[in-house]
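# Architecture at a glance
Each chain, letter by letter, is given below.
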Amino acid sequence: AVNCPWCGRCAGPGGAVMVNFAQVVRDHWVHIFVPLGFVIGCYLDRMNDEKLSAFRNKSLLYRRELKPGEEVTWR
């Protein structure tokens with residue numbers, strides 16, 4: 001039987017994958033939630049940047065006209 005490289009018990013006799021989903025989540029929660037948290041964090045960061053882009057170059061302290069051909073100060 002081929003066993004899981006992380007916990008050694010996710011594969012049963014003959015290499016069949018264990019059907020108990022709760023046990024797999026319990027054994028591999030780090031491998032599930034860390035990448036999921038990263039993806040959700042990237043999504044929220046991108047949404048926040050889009051929301052804040054409405055205020056780009058509108059601050060009274062930093063307001064100025066962009067030179068011809070000059071890109072925006074931040075994206």
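Residues numbered from 1 in each chain as written. Predicted model: local features only at pLDDT ≥ 70, side-chain atom pairs only at ≥ 80, totals over all residues. Heavy atoms only, no water.

### Let's talk about the overall build of the protein chain
When helices and strands are counted, the protein chain shows two helices and zero strands. When burial is assessed residue by residue, the protein chain has 8% of its 75 residues classed as buried. Summarising the internal contacts of the protein chain: among those between residues at least 6 apart in sequence, 11% fall at separations of at least 24. (Helix = DSSP H or I, 4+ residues; strand = E, 2+ residues; numbered from the N terminus. Buried < 20%, exposed > 50% of the residue type's maximum accessible area, 1.4 Å probe, protein only. Contact = heavy atoms within 4.5 Å.)

### Some words on a nonpolar patch on the surface
A contiguous nonpolar surface patch, about 970 Å² in accessible area, is contributed by Trp 29, Val 30, Ile 32, Phe 33, Val 34, Leu 36, Ile 40, Tyr 43, Leu 44 and Met 47. With respect to the helices and strands, the residue Leu 44 is situated in helix H2 (residues 29–52). (Patch = residues over 30% accessible without salt bridge, like charges linked within 9 Å, V, L, I, M, F, W, Y side chains within 5 Å. Areas by Shrake-Rupley, 256 points an atom, 1.4 Å probe, with all protein chains shown as cover. Salt bridge = Lys/Arg side-chain N within 4 Å of Asp/Glu carboxyl O.)

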